[in-house]
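Observations on the three-dimensional arrangement
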Amino acid sequence: MSLSSVLPDLSPWRSTRDFRLLWVQGLVTYFGSFMAMVALPLQIKELTDSPLAVGAMGAVELVPLVIFGLYGGALADAVDRRKVILLSEAALGLLAVVLLVNALLPSPLLWPLYVVAAGVSALSGLQRPALDSLMARIVPHDQLTAAAALNSFRWNVGAIAGPSLAGLVVAYAGHASAYAVTVAGFTVSVLLCTRLSPAPAAHDAEKPSLKGLAEGARYAWSRPVLLGTYAVDMAAMFFAYPNAVFPFLADELDAEWALGLMYAAGAVGSLLLGLTSGWTSRVRRHGLLVVFGAAGWGLAITAAGWFSNVWVVLGCLALAGAGDMVSGLGRSTIWNQTIPDELRGRLAGIEVLSYSVGPQLGQVRAGAAAGWTGTRPAIWSGGLACVASVAVLAAVLPRLVSYDATTDADARLRRERDAARAASS
């Protein structure tokens, strides 16, 4: 096997200017966002010393995510997707300013932290369908898996650097400094978004409506493969997403210094997988990636909750991140290969719920379980429940397991439509 067959496929980077812009913009945003992702729950912990209060962030974020995720999907099919991305990015930057101002107060308030968390959830739900559906438009059909791998690599770089530095920044310079970095990141990101090419909706696109949302939901419901990707991811994240209790796990392991590393460990595993992701461009059974990746995530989280050595725990979290990336590549490729462009925004809204609602509810579950059984039992029991739920879903959704990109009817139709559009442009 040659080295080039293992290294990441850079075709999307070379072929598409807008992909390069979005890639860099996303890297900057992720870095700043992950700084805040560590600082925010840590600040709530310091103000309350309650696992439930930290886990409650997931409950606060859930309703805005559901409402605006669905609406954002309909909006992405009806208006210029570039405008949605730009305006929501600017609004996210303003919320980061609120966090900064609150942290600079002599006695920071608790309630603005929850308000900002809810606002970020709403804006992220509004923005992600436009981002995801734009990716399927600007990247050639045969480069979608490679684009997903490159985007995962970008996310992982931010997820490693952001949390790792955030732990040090908060410890030595305070929460305000971490939030200042977040503000700077969104400023740069907005400037990059202004350079994206317009992405107008089709001339016959309908305005966002409940009827349009229902049409997207009916399409998803009629596709067992899509349902399988949503269900597997939601189950895995609900049962085995322990991030809310990491501050308490660090205390229990007498390793407060490792908190930032705990948040970053999963991204390290994903990054290492991404650096050898060239093989994924040759995979055609993407449903198997979804199932085996999610099961691997659950097994690794189980081990992370079982062991008491902090370095072993960090290693298990890294393995979990690698499994999650494998599953994520399978999901993203199936979505982009099979969904028609005229429904892409609305289905992207449903996808936002599938990979975001699970972690939000997972935070609530982890926080509540930790308060009841203790931190480590809450983690390992969730990992076991994840593995069991993935096994059940694989058994009841055989179409997901048997999905093949070369023979699936929806994938073939999407491929033909993309070829026709490329020929006419």
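The notes below deal with the structure included here.

Rules used in this analysis
- Residues numbered from 1 in each chain as written.
- Predicted model: local features only at pLDDT ≥ 70, side-chain atom pairs only at ≥ 80, totals over all residues.
- Heavy atoms only, no water.
- Helix = DSSP H or I, 4+ residues; strand = E, 2+ residues; numbered from the N terminus.
- Rg over C-alpha atoms; globule rule 2.2 N^0.38 Å.
- Buried < 20%, exposed > 50% of the residue type's maximum accessible area, 1.4 Å probe, protein only.
- Areas by Shrake-Rupley, 256 points an atom, 1.4 Å probe, with all protein chains shown as cover.
- Expected span 1.5 Å × (residues − 1).
- Arc of directions from axis to C-beta.
- 1 Å grid on protein atoms, 1.4 Å probe; cavity = no way out; pocket = protein on both sides within 12 Å on 5 of 7 lines; lining within 4 Å.
- Points joined across faces, edges and corners; volume = space filled by probe spheres on them.
- Salt bridge = Lys/Arg side-chain N within 4 Å of Asp/Glu carboxyl O.
- Phe/Tyr/Trp six-rings, centres within 6.5 Å; stacked < 30°, edge-to-face > 60°.
- Lys NZ or Arg CZ within 6 Å of the ring centre and 35° of its normal.
- Contact = heavy atoms within 4.5 Å.
- Axes fitted to C-alpha atoms, helices over the stretch in contact; angles between N-to-C directions.
- Parallel < 35°, antiparallel > 145°, perpendicular 65-115°, else oblique.
- Left-handed = near helix turned anticlockwise from the far one by under 90°.
- Nonpolar A, V, L, I, M, F, W, Y, C, P; charged D, E, K, R; others polar.
- Polar contact = N/O pair within 3.5 Å; in protein donor to acceptor, adjacent residues only side chain to side chain.

Take the overall build of the protein chain next. A tally of regular secondary structure across the protein chain gives 17 helices and zero strands. In terms of C-alpha radius of gyration, the protein chain reaches 20 Å, essentially the compact-globule figure of 22 Å for 425 residues. With the C-alpha coordinates of the protein chain rotated into their principal frame, the extents come out at 60 × 45 × 45 Å. Taken across its 425 residues, the protein chain has 57% of its residues classed as buried. Carbon and sulfur atoms make up 69% of the accessible area of the protein chain, which amounts to about 17300 Å² in all.

In this model helix α8 (residues 210-221) runs 16 Å from its N-terminal to its C-terminal C-alpha over 12 residues, within 8% of the 16 Å that 1.5 Å per residue would give. Every buried residue belonging to α8 is among Gly 212, Gly 216, Tyr 219 and Ala 220, and all of these are buried. Down the axis of α8, the smallest arc covering the buried residues is 100°, so these residues share one side. Facing away from the buried surface of α8 by more than 90 degrees, the exposed residues are Leu 210, Lys 211, Arg 218 and Trp 221.

Attention now goes to empty space enclosed by the protein. One way to see where empty space is left: roll a probe the size of a water molecule over the atoms. One pass over the structure, following the stated rule, counts two cavities of 30 Å³ or more. Considered as a void within the structure, the second largest cavity measures approximately 30 Å³ in volume. As for the second largest cavity, its lining consists of Val 232, Asp 233, Ala 236, Met 237, Ala 294, Trp 297, Asp 324, Ser 327 and Arg 331. Sorting the residues of the lining of the second largest cavity by element identifies α9 (224-239), α12 (286-306) and α13 (310-338) as the ones contributing at least two each.

One non-glycine residue, Asp 49, lies in positive phi territory at about 55°. Residue position: Asp 49 is located in the loop between α2 (17-48) and α3 (51-78). For Asp 49, a relative accessible area of 57% puts it in the exposed group. The phi angle at Asp 254 is positive, at roughly 55°, despite the residue not being glycine. Looking at where Asp 254 falls in the secondary structure, it is placed in the loop between α10 (246-252) and α11 (259-275).

Next up on the list: the pattern of salt bridges. When charged atoms on two side chains of opposite charge get close, those side chains can pair. A full pass over the atoms with the stated rule returns seven salt bridges. Residue Asp 251 pairs with Lys 45 through a salt bridge whose shortest N-O separation is 3.3 Å. Remark: Lys 45 occurs in helix α2 and Asp 251 occurs in helix α10; sequence separation between them is 206 residues. Classification of Asp 251 by relative accessible area gives partly exposed; the value is 34%.

What follows concerns the packing of aromatic side chains. In total, this model carries eight aromatic pairs according to the counting rule given. Taking the centre distance of 6.4 Å and the plane angle of 20° together, the rings of Trp 23 and Phe 153 count as stacked. In this pair, Trp 23 is assigned in helix α2 and Phe 153 in helix α6 (residues 144-173), connecting sequence segments 130 residues apart. With centroids separated by 6.4 Å and ring planes inclined at 55°, the aromatic side chains of Tyr 30 and Phe 34 adopt a geometry described as tilted. Note that Tyr 30 and Phe 34 are positioned in helix α2 at a spacing of four residues, about one turn of the helix. Here the two residues Tyr 30 and Phe 34 agree in accessibility, since each one is buried. If you follow Lys 45 out to its NZ or CZ, it ends over the ring of Phe 248, 5.8 Å from the centre.

Time to look at the side chain of Thr 333. Tracing the backbone through its elements, the reader meets Thr 333 in helix α13. Thr 333 gets classed as buried once you look at its relative accessible area, which sits at 0%. The residues touching Thr 333, leaving out its near neighbours within four places in the chain, are Thr 145 and His 286.

As a further point, take the packing of α12 against helix α15 (residues 375-396). Remark: α12 packs on α15, axes separated minimally by 7 Å, with the N-to-C direction vectors making an angle of 160°. In this view, α12 runs roughly antiparallel relative to α15, as classed from their interaxial angle. With respect to the hand of their crossing, α12 and α15 are arranged in left-handed fashion. Of the residues in α15, those touching α12 at Val 291, Ala 294, Ala 295, Trp 297, Gly 298, Leu 299, Ile 301, Thr 302, Ala 304, Gly 305 and Trp 306 are Arg 376, Ile 379, Trp 380, Gly 383, Leu 384, Cys 386, Val 387, Val 390 and Ala 394. Grouping the constituent residues of the contact of α12 with α15 by class yields 15 nonpolar, four polar and one charged.

Relative to the helices and strands, His 175 resides in helix α7 (residues 175-193). Setting aside residues no more than four positions away along its own chain, His 175 makes contact with Ala 39, Leu 42, Gln 43, Glu 46, Ala 103 and Val 170.

Relative to the 42 Å expected for 29 residues at 1.5 Å per residue, α13 spans 42 Å between its end C-alpha atoms, a close match to the ideal helical length. When you tally the buried positions in α13, you get 23 out of 29 residues, the bulk of the element. The opening residue of α13, the one whose side-chain oxygen lies 2.9 Å from the backbone nitrogen of Trp 311, is Asn 309.

These figures capture arrangement, not role.
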